[in-house]
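Here's the letter readout for the chains.
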Amino acid sequence: MKYYERLRQAREDADLTQAQAAEIIQTTQSYFSRQELGKKPFRVEQVAKLCEYYHVSSDYILGLSRDLKWPRDH
C-alpha cells in the first residue's frame, strides 16, 4: 500500500472529510484530493501534521518495517 493510501485510510478511520483534513494541513480540498490520489505529493510537514492528528507513526504511514534499527550496521 502506498503512503497516500494509508493517509486516506487514516482519514476515513477518523471520520473526516477531505475538506476537514485539508484544513488541518492548510490546503484546499481539491489539492488534497489530488494528493490522496497520488497525483501530487504530500510535503513532509503535511505528513507530520496528519500523523499527529491521526495518532499514527510516520513509519506506519510510510510502510516501514518495525525491524529497522538505528544506527544501521553496514
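Scroll up for the structure.
In what follows, the accompanying structure is described. The structure displayed is predicted, hence computed values, not measured ones.

**Details of the overall build of the protein chain**
Of regular secondary structure, the protein chain possesses five helices and zero strands. The N-to-C order of helical and strand elements in the protein chain reads α-α-α-α-α. Expressed along its principal axes, the backbone C-alpha trace of the protein chain runs to roughly 45 × 25 × 20 Å. Each of the 74 residues in the protein chain was classed as buried or not, and the buried ones make up 28%. Contacts in the protein chain between residues at least 24 apart in sequence constitute 49% of all its contacts with a sequence separation of at least 6. On the protein chain, roughly 5600 Å² of surface is accessible, and the fraction owed to carbon and sulfur atoms is 49%. Taking the average location of the 12 positive side-chain charges in the protein chain and that of its 11 negative ones, the two points are 6 Å from each other.

**Topic: the environment of Val44**
Structurally, Val44 can be placed in helix α4 (residues 44-54). Considered as a pair, Val44 and Ser58 are 14 residues apart in the sequence and their alpha carbons are 9.8 Å apart.

**Overview of the packing of helix α1 (residues 3-13) against α4**
Interhelical geometry of α1 versus α4 gives an angle of 35° and a closest axis separation of 10 Å. Relative to α4, the crossing made by α1 is left-handed. Between α1 and α4, the residues in contact are Tyr3, Leu7, Ala10 and Arg11 and Val47, Leu50 and Tyr54, respectively. Taken together, the residues of the contact of α1 with α4 sort by class into six nonpolar, no polar and one charged.

Parameters at a glance
Residues numbered from 1 in each chain as written. Predicted model: local features only at pLDDT ≥ 70, side-chain atom pairs only at ≥ 80, totals over all residues. Heavy atoms only, no water. Helix = DSSP H or I, 4+ residues; strand = E, 2+ residues; numbered from the N terminus. Buried < 20%, exposed > 50% of the residue type's maximum accessible area, 1.4 Å probe, protein only. Contact = heavy atoms within 4.5 Å. Areas by Shrake-Rupley, 256 points an atom, 1.4 Å probe, with all protein chains shown as cover. Lys, Arg positive; Asp, Glu negative; His and termini not counted. Charge placed at Lys NZ, Arg CZ, Asp CG, Glu CD. Axes fitted to C-alpha atoms, helices over the stretch in contact; angles between N-to-C directions. Left-handed = near helix turned anticlockwise from the far one by under 90°. Nonpolar A, V, L, I, M, F, W, Y, C, P; charged D, E, K, R; others polar.

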